[in-house]
Amino acid sequence: MGSAAVWSGDFAAAAALIAEAQAVSEATGAGIAPFAAMLLAGFRGREAEVTPLIEATIAEAGAAGQGLAVTYAHWAAAIAANGLGRYQQAFEAARQATEDSRRPRGLHLGVARVDRGRRAHGNTQLAGSALDRLAATTRAAGTDFGLGMEARSRALLSKGAAAEGYYLEAIDRLARTQLRPELARAHLLYGEWLRREGRRADARTQLRTAHELLAAMGAEAFAERARRELLATGETVRKRTPETVSELTAQETSIARLARDGRTNPEIGAQLFLSARTVEWHLRKMFSKLGISSRRELHGALASIGEGSLSA
């Protein structure tokens, strides 16, 4: 469930689910690889958080013979490095994720090989070979997600009108899915391509969309990459950090209203089908967003953002 939340772009919900899973794992002593945690850390691109998590997983899972977890860790590392603009590092991580033929090569790994191979080396032959393998999967499935990812990959290896057509197809197809991070990255790649083509006004439109989507979900490294690209087009964009995001999600707003009205964490959890621990996690995050330190301040804080007059 945590991974699904990451792919939908709801990083706050993903973090809460990951925290619950970690608590269960600690309580039961189950040694479960932190797949969702690595994926979330990879997309966030917070180097101080993602690097120790991935390195620990590779060391522990490798020693235990858990090849899938090692593959997943390298893939998460590729995502993180890509967001940070470290394409050679991303390529190496993607290569390690796909080098063992006994391990599964999913659609995302195929996309990673195309993207990182093209960016790190400009090696169209290497990337083209990866694209051929990717297309064999996406064509068989015939989904908007698969075909959208294929189109995005083809755009990276194309020029002129053909490249633009593939970028537009990728955005159109991915917009029909719930996979917000991949849609945002399609806008980012298209915007970067437009800027290199000298079409600065068109690039700004795509890059603004990418920046807004990525910043809102908390994909900080990718959002910063979009911001730098916007700066290169001549547009000034304020650097957005977790501390500058004051908006509450729909779920956070519901929890805040119930807490404001005196409900306890277990009562809120029962009404919203969440654990008390998850409710507490959301409350701490909301307090930070709203600049408050206790439930007593919720009434005024919600009123200040236009939520105070709404009933629970």
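Residues numbered from 1 in each chain as written. Predicted model: local features only at pLDDT ≥ 70, side-chain atom pairs only at ≥ 80, totals over all residues. Heavy atoms only, no water.

### Focus on the overall build of the protein chain
Basically, it comes down to this: Here a helix means four or more residues in a row that DSSP labels H or I, a strand means two or more in a row labelled E, and each is numbered from the N terminus. Here, two residues are considered to be in contact whenever any of their heavy atoms come within 4.5 Å of each other. Here the open area of atoms and residues is found with the Shrake-Rupley method and a 1.4 Å probe, where only the protein chains shown may cover a residue.
Check the secondary structure of the protein chain and you find 17 helices and zero strands. When contacts within the protein chain are restricted to residue pairs at least 6 apart in sequence, long-range pairs at least 24 apart make up 59% of them. Total accessible area computed for the protein chain in this model is approximately 14,600 Å², and 51% of it derives from carbon and sulfur atoms.

### Concerning the side chain of His187
For His187, the location among the structural elements is in helix H11 (residues 180-196). In contact with His187, not counting residues within four places along its chain, are Ile171, Gln206, Thr209, Ala210 and Leu213.

### Focus: the pattern of salt bridges
It is possible for side chains bearing opposite charge to pair when their charged atoms get close. Applied cut-off: In the sections that follow, a salt bridge refers to a side-chain nitrogen of Lys or Arg positioned within 4 Å of a carboxyl oxygen of Asp or Glu. Relative accessibility thresholds used throughout: buried, under 20% of the residue-type maximum; exposed, over 50%; partly exposed, between the two (1.4 Å probe, protein chains only).
Applying the stated rule across the entire model yields 19 salt bridges. Residue Arg152 is joined to Glu182 by a salt bridge in which the shortest nitrogen-to-oxygen separation is 2.8 Å. With Arg152 in helix H9 (residues 144-156) and Glu182 in helix H11, this pair connects stretches of sequence that are 30 residues apart. There is no split in this pair, since Arg152 and Glu182 are both buried. The network of salt bridges with shared partners includes Asp144, Glu169, Asp172, Arg173 and Arg176.

### Considering the packing of aromatic side chains
Ring pairs (aromatic) are described by centroid distance and by the angle formed between their planes. For the record, the criterion: Stacked, tilted and edge-to-face pairs are distinguished by plane angle, under 30 degrees for stacked and over 60 for edge-to-face with tilted covering the rest, among Phe, Tyr and Trp rings (Trp via its six-membered ring) whose centres lie within 6.5 Å.
This structure, assessed with the given rule, holds nine aromatic pairs. Between Tyr167 and Tyr190 the ring centres are 5.4 Å apart and the planes differ by 25°, which places this aromatic pair in the stacked class. Here Tyr190 lies in helix H11 and Tyr167 lies in helix H10 (residues 160-174), a separation of 23 residues in the sequence. We note that Tyr167, like Tyr190, is buried. The rings of Trp7, Phe11, Phe35, Phe43, Tyr72, Trp75 and Phe222 are connected pair by pair, giving a single aromatic cluster.

### Quick notes on the confidence of the model for the protein chain
The cut-off we apply is this: For every residue, the predictor states its confidence as a pLDDT score lying anywhere from 0 to 100.
Residues with a pLDDT of 70 or more make up 83% of the protein chain, whose mean pLDDT is 81. Confidence, expressed as mean pLDDT per element, reaches its minimum in the protein chain at helix H7 (residues 107-121) with 55 and its maximum at H10 with 96. Confidence over residues 101-105 falls short of pLDDT 50; this stretch has eight contacts with residues more than four positions distant or in other chains. Across residues 308-312 the pLDDT falls below 50, and counting only partners more than four positions away or on other chains, this stretch makes eleven contacts in the model.

### Details of H11
For an α-helix, 3.6 residues make a turn, and residues three or four places apart therefore share a direction. Where we set the bar: In a helix, the anticipated span is given by 1.5 Å times the number of residues less one.
With 17 residues, H11 ought to run about 24 Å at 1.5 Å a step, and its terminal C-alpha atoms sit 25 Å apart, in line with that. In terms of residue burial, H11 counts as a mostly covered element, since 14 of its 17 residues are buried. Gly198 sits one or two positions beyond H11 and adopts a positive phi of about 85°.

### What to know about the environment of Leu214
Inspection of the secondary structure assignment puts Leu214 in helix H12 (residues 200-217). Judged by its relative accessible area of 1%, Leu214 falls in the buried class. When the C-alpha positions of Leu214 and Arg180 are compared, they lie 8.6 Å apart, and in sequence the two are 34 residues distant. Discounting chain neighbours no more than four positions away, the residues touching Leu214 are Ala184, Leu188, Ala219, Phe222 and Ala223.

### Observations concerning the nonpolar core
Which entries qualify depends on this criterion: What we call a nonpolar core is a set of buried Ala, Val, Leu, Ile, Met, Phe, Trp, Tyr and Cys residues that are connected through their side-chain atoms within 4.5 Å.
In this structure, Leu39, Phe43 and Leu214 are the most contacted members of the largest nonpolar core, which totals 56 residues. In terms of residue count, H11 provides more of this core than any other element does, eight residues in total. Excluding residues within four positions of it along the chain, Leu39 makes contact with Ser3, Val6, Trp7, Tyr72, Trp75, Ala76 and Ile79. Counting 15 residues, the second largest nonpolar core, distinct from the first, contains Leu248, Ile255, Val279 and Leu283.

### Observations regarding the packing of H11 against H12
Just so we agree on the cut-off: With axes taken as lines fitted to C-alpha atoms, and helix axes fitted only over the stretch in contact, angles between N-to-C directions fall between 0 and 180 degrees. Here the angle decides the label: under 35 degrees means roughly parallel, over 145 means roughly antiparallel, 65 to 115 means roughly perpendicular, and every other value means oblique. By definition, turning the near helix anticlockwise from the far helix through less than a right angle yields a left-handed crossing, and turning it clockwise yields a right-handed one.
Their axes nearest at 8 Å, the elements H11 and H12 cross at an angle of 150°. As summarised for this structure, H11 and H12 are arranged roughly antiparallel, according to the angle between their axes. Where H11 crosses over H12, the two elements pack in a sense that is left-handed. Side by side, H11 and H12 meet where Arg180, Pro181, Ala184, His187, Leu188, Tyr190, Gly191, Glu192, Leu194 and Arg195 of the first sit next to Asp202, Ala203, Gln206, Leu207, Thr209, Ala210, Leu213, Leu214 and Met217 of the second.

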